[in-house]
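Tertiary structure, described
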Amino acid sequence: MIKRTRAEITKCIIHKVANKYNSGSNSLSENLVRFDEESYELLLPFLLKPFGTVTQSYRFSHHADVRLNEINKYTSDIFEDENTFIDHSKNIVNHLYEQSNSAQIKTGDVLVVLFEGIEYKDVLTEAVGIFKIESKVDFFQTYLDEDSFDVVVQKGISTNKLDKGCLILNSSDTEGTVVLSVDNNNYDAQYWIKNFLSVKFADDRNLHTQNYLEMCKEFSEEVIKPEYGKHEQSNFLANTVDYFKEHENVDYHTFKDEIFEEDKHRDLFDDYKKHFEKLNDVLIRNNFEVSDIVLKKEKSKFKTEIKLDTNIQIKIDVDAPDAASEYMERGYDEEKKMKYYKVYYNAEK
């Protein structure tokens, strides 16, 4: 989603956020972080790398006026006047604190960072980053005690994974300011995205592709698998992926005609589409442009393994829609009174 080759940190401050539910109190810094070269070179990619692979972007929302969205207001002020950075970084942490309404919300370090040189859609822009470090790891630290070395266990931040973070770009479109987010500790789905940031998915091809593929995945689990078996479910998922790969634009009616041979199956899909839209409060578009990056991510969630009660598993390649129908047969052995799969192949790989 972004490129960071020319990104730089211009301001950074660290605060500690407590948990309101447990009657804790925040610890707020008054001064910016002064980096040495080693810590700067380690921190910059740690904070920005996760946003290079995100597939979805968000836009701020508010029940009355989006300009009243707290994070939108604070970051807009920072972009207009960098002298407000420290004060608004405290406002951001206090706003985050107000969202900790349950015991499971974790305390942690909060880094508020001002970046420049973030590349988004081939344009360089600024961004305010908000990062919450919730998990710390144990590590060994050696030290010299008189004439011998000893060891002590300390806690620190691992650079392997960012717990929670967002980038608010100084860039907007017809829907508003562009917001990117990552959350690797999804213990409360409402806390970070809905309550703290108060954002919604951008209404673009990424969202349309994701919603449609999620609908197909759920349809395969809730309708095809129980009614027609795992084999047909795998065929449907493979054919769905194949359709998306071969078409730059999805047309709902063309999709049904190519995927389903019988009208009754098309009717089942129509009914499920209405059910899915109502259940998830989404609108499945009948026509939209395919997002290749979302397709690549979502197809990895398609489960095409056939697990048998004889401790044998058959995995069907979701990118090869014709393989299962051409090289697999399903039957019933009267002598053994067992079902079977027959698989044809030329050589083992």
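Conventions adopted
Residues numbered from 1 in each chain as written. Predicted model: local features only at pLDDT ≥ 70, side-chain atom pairs only at ≥ 80, totals over all residues. Heavy atoms only, no water. Phe/Tyr/Trp six-rings, centres within 6.5 Å; stacked < 30°, edge-to-face > 60°. Helix = DSSP H or I, 4+ residues; strand = E, 2+ residues; numbered from the N terminus. Buried < 20%, exposed > 50% of the residue type's maximum accessible area, 1.4 Å probe, protein only. Polar contact = N/O pair within 3.5 Å; in protein donor to acceptor, adjacent residues only side chain to side chain. Arc of directions from axis to C-beta. Contact = heavy atoms within 4.5 Å. Patch = residues over 30% accessible without salt bridge, like charges linked within 9 Å, V, L, I, M, F, W, Y side chains within 5 Å. Areas by Shrake-Rupley, 256 points an atom, 1.4 Å probe, with all protein chains shown as cover. Salt bridge = Lys/Arg side-chain N within 4 Å of Asp/Glu carboxyl O. Lys, Arg positive; Asp, Glu negative; His and termini not counted. Charge placed at Lys NZ, Arg CZ, Asp CG, Glu CD.

Across all of its chains, the model carries 23 aromatic pairs by this definition. Both rings, one in Phe219 and one in Phe236, keep their centres 5.5 Å apart while their planes meet at 65°; by these two values the pair is edge-to-face. Residue Phe219 is found in helix α5 (residues 205-228), and its partner Phe236 is found in helix α6 (residues 230-246); the two are separated by 17 residues along the sequence. Accessibility expressed as a relative area gives 4% for Phe236, which makes it buried. A ring pair is formed by Phe260 and Phe269, whose centres lie 5.3 Å apart and whose planes are at 50°; its orientation type is tilted. Here Phe260 matches Phe269 in class, with each residue buried.

Along the chain, Gln233 turns up in helix α6. For Gln233, the side chain forms a polar contact with the side chain of Glu221, separated by 3.1 Å.

In this section: helix α9 (residues 292-299). When α9 is considered as a whole, its buried residues turn out to be Val294, Leu295 and Glu298. The buried residues of α9 occupy one face: seen down the axis, they fall within an arc of 105°. Within α9, the exposed residues directed more than 90 degrees away from the buried face are Asp292 and Lys296. Buried residues along α9 sit in contact with α5 and α6.

One non-glycine residue, Ser23, lies in the positive phi region at around 60°. Within the element layout of this structure, Ser23 appears in the loop between β1 (8-17) and α1 (37-48). If you check the backbone angles, Lys121 has positive phi at about 50° while not being a glycine. Take Lys121: it is sitting in the loop between β3 (108-120) and β4 (123-133).

With that settled, the discussion passes to a positive patch on the surface. Positive charge collects at one region of the surface, where Lys225, Lys303, Lys307 and Lys315 lie side by side. Following the sequence through the fold, Lys307 ends up in strand β12 (residues 305-307). Lys307 gets classed as exposed once you look at its relative accessible area, which sits at 63%.

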